[in-house]
Amino acid sequence: MKNIISLFIGLSLTTAVNLHAQAEEYEPEDLIEYRQEVMGAIKGHNKAVKAILEGKVPYDGHLDMHMASLEALLGRAGELFPEGSDFGETNAKDAVWDNPDKFKQSVEKAQNAFASFQSVLAKGDNSASLDAYKKFGKASCGDCHKSFKKKDD
Amino acid sequence: MFFRIVLMLYALISMAASADESEVDRAAIEQGRYLFDAANCYACHTDVDNDGAPLAGGRALESDFGIFFSPNITPDKDTGIGNWSDEDFIRALILGIAPDGHHYYPSFPYLSYQNMNREDILAIKAYLFSQPAVSQKNKPHQLAWYLSGFTLRIWKLLNDLAAMPVTYDGSRGSYLVDVLGHCNECHTPRNMLGMLKMQNRLEGNKALSAPDISTSKNGIGGWDKQELADLFRYGELPDGDYVADHMGEVVDNSTSKWADYDLQAVIEYLQR
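Residues numbered from 1 in each chain as written. Chains lettered and ligands numbered in written order. Predicted model: local features only at pLDDT ≥ 70, side-chain atom pairs only at ≥ 80, totals over all residues. Heavy atoms only, no water.

**Examining the pairing of strand β1 (residues 60-63) of chain B**
All names here are of chain B. Across four bridges, the pairing between β1 and strand β2 (residues 66-69) is antiparallel. Considered in β2, the bridge of L61 is made with F68. From the end of β1 to the start of β2, which pair antiparallel, there are two residues. (Pairing = 2+ DSSP bridges. Helix = DSSP H or I, 4+ residues; strand = E, 2+ residues; numbered from the N terminus.)

Written out as structure tokens, the structure reads:
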């Protein structure tokens, strides 16, 4: 058991060190642009889920795809803010890097909010799902943007 | 025996009166809490970024004129507003004048609050006085060299003479938007002297990254009622994004707590 825990800690540390080292090797502008593209993708899937739940489009069969994409993207959102990507054309606030623990908590809150939304969606009540979608949005994107994103110019 | 009965009756009447009074107090505090949220007092008077105590002030408000630090509005008698009378509180909110006679900078939105009614102001005071007192001295502002108590008095005089007053048409929607919510303070552009240009009401203030929320096509003219409701309730924008920074706080602390009838009143007012 001890060996497994040591291996897990070792792998986690290696991943963190690798990500940090990798971030230093790349242009900050490219990292920022990539981050914005991924955030744009989250926004796109979010909006697609809402359109389906509101019955504005006939793509109920796409719901699982958008939800899986959102889960995957939200699961890795915290990786998109490496050291060195805090200046330039970014709307991320300094607080992301100044208060990493709070930022981590906010990302985890978003992931938990997604899990809650997912469990309501699984029950198949469309009205409850739409309500849960709105609460998920406020508790995830909304909560993180409140503390860690600047307003658009 | 007779004396005992009179004494018991007196005690019972006193208890009933006292219960009535505490009921009235509780109602005022509850009403005050709702109005306090609608006026979004918490956001400016709490240094959230540095885990400051609620309402103890010290939050830095950056502007073109320097950094303003919000004051302590807890009922602490030495560093807060614990010694303020009702009239002190009313004068501060509608005239922007402290009990010691010094004037507040317009970073405190008294120009919007000037249309708040007396009963509502006192309800907010009742709520504030029901909150824990926190001993925390106010931080002095860090402002441009040319700003002082004297220039502030001149500014207030000029503003009274030259600037149009903040709109208020007497409707519930206007009371929430223009008075309590003080939306004009961020969303209406200002001139070089920092005076609100009410002729361009709610057309946005680029210096504050506050967007146009007028009924024009650049503003919220194309938004439907549900989109506005989702913005105020959840911070969701029509393009699937979510509001950020100060507006995120406005939604979290204030608009998401509006009663349904107030939400509808605001939507109706903004779409006129």
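**Details of the environment of N205 of chain B**
Residues and elements named next belong to chain B. Tracing the sequence through the fold places N205 in the loop between α8 (184-187) and α9 (225-234). For N205, a relative accessible area of 10% gives the class buried. Sequence separation between N205 and R190 is 15 residues; the distance between their C-alpha atoms is 7.3 Å. Residue contacts for N205: discarding those within four places in its chain leaves C186, H187, T188, P189, R190 and A210. (Buried < 20%, exposed > 50% of the residue type's maximum accessible area, 1.4 Å probe, protein only. Contact = heavy atoms within 4.5 Å.)

**A word on the sheet that holds strand β3 (residues 142-143) of chain B**
Strand pairing within a sheet occurs via backbone hydrogen bonds; the two strands may be parallel or antiparallel. All names here are of chain B. Within the open sheet, the three strands sit side by side as β1-β2-β3. Their pairing is antiparallel. Pairing within the sheet leaves two strands with one partner each, and these edge strands are β1 and β3. In terms of strand pairing, β2 meets β3 through two bridges, oriented antiparallel. Residue pairing across strands places G66 opposite L143, the latter belonging to β3.

**Concerning α9 of chain B**
Burial of α9 of chain B is extensive: seven of the ten residues sit out of reach of the surface. Taken together, the buried positions of α9 of chain B are occupied by L228, A229, D230, L231, F232, R233 and Y234 of chain B. Lining the buried residues of α9 of chain B we find α2 (28-53) and α6 (126-148) of chain A together with α10 (245-253) and α11 (260-270) of chain B. Where α9 of chain B begins, the side chain of D224 of chain B points an oxygen toward the backbone nitrogen of Q226 of chain B, at a separation of 3.1 Å. Two residues or fewer past α9 of chain B, G235 of chain B is found with a positive phi of approximately 75°. (Polar contact = N/O pair within 3.5 Å; in protein donor to acceptor, adjacent residues only side chain to side chain.)

**Observations concerning the interface of chain A and chain B**
Tallying the contact residues gives 21 residues for chain A and 24 residues for chain B. With both sides pooled, the region where chain A packs onto chain B buries about 2000 Å², and carbon together with sulfur makes up 45% of that total. Considering only the surface of chain A that becomes buried against chain B, K138, K146 and K151 of chain A emerge as the three largest contributors, covering 35% of it. On inspection of chain A and its partner chain B, the count reaches nine salt bridges. Between D230 of chain B and K134 of chain A there is a salt bridge, with its nearest N and O atoms 3.0 Å apart. Counting the contacts that link chain A with chain B gives 15 residue pairs in polar contact (both at pLDDT 80 or more). If you list the elements that add at least two residues to the side of chain A that touches chain B, you get α2 and α6 of chain A. It is α6 of chain A that provides the largest number of residues to the side of chain A that touches chain B, a total of ten residues. (Buried area = accessible area lost by both parts, 1.4 Å probe. Salt bridge = Lys/Arg side-chain N within 4 Å of Asp/Glu carboxyl O.)

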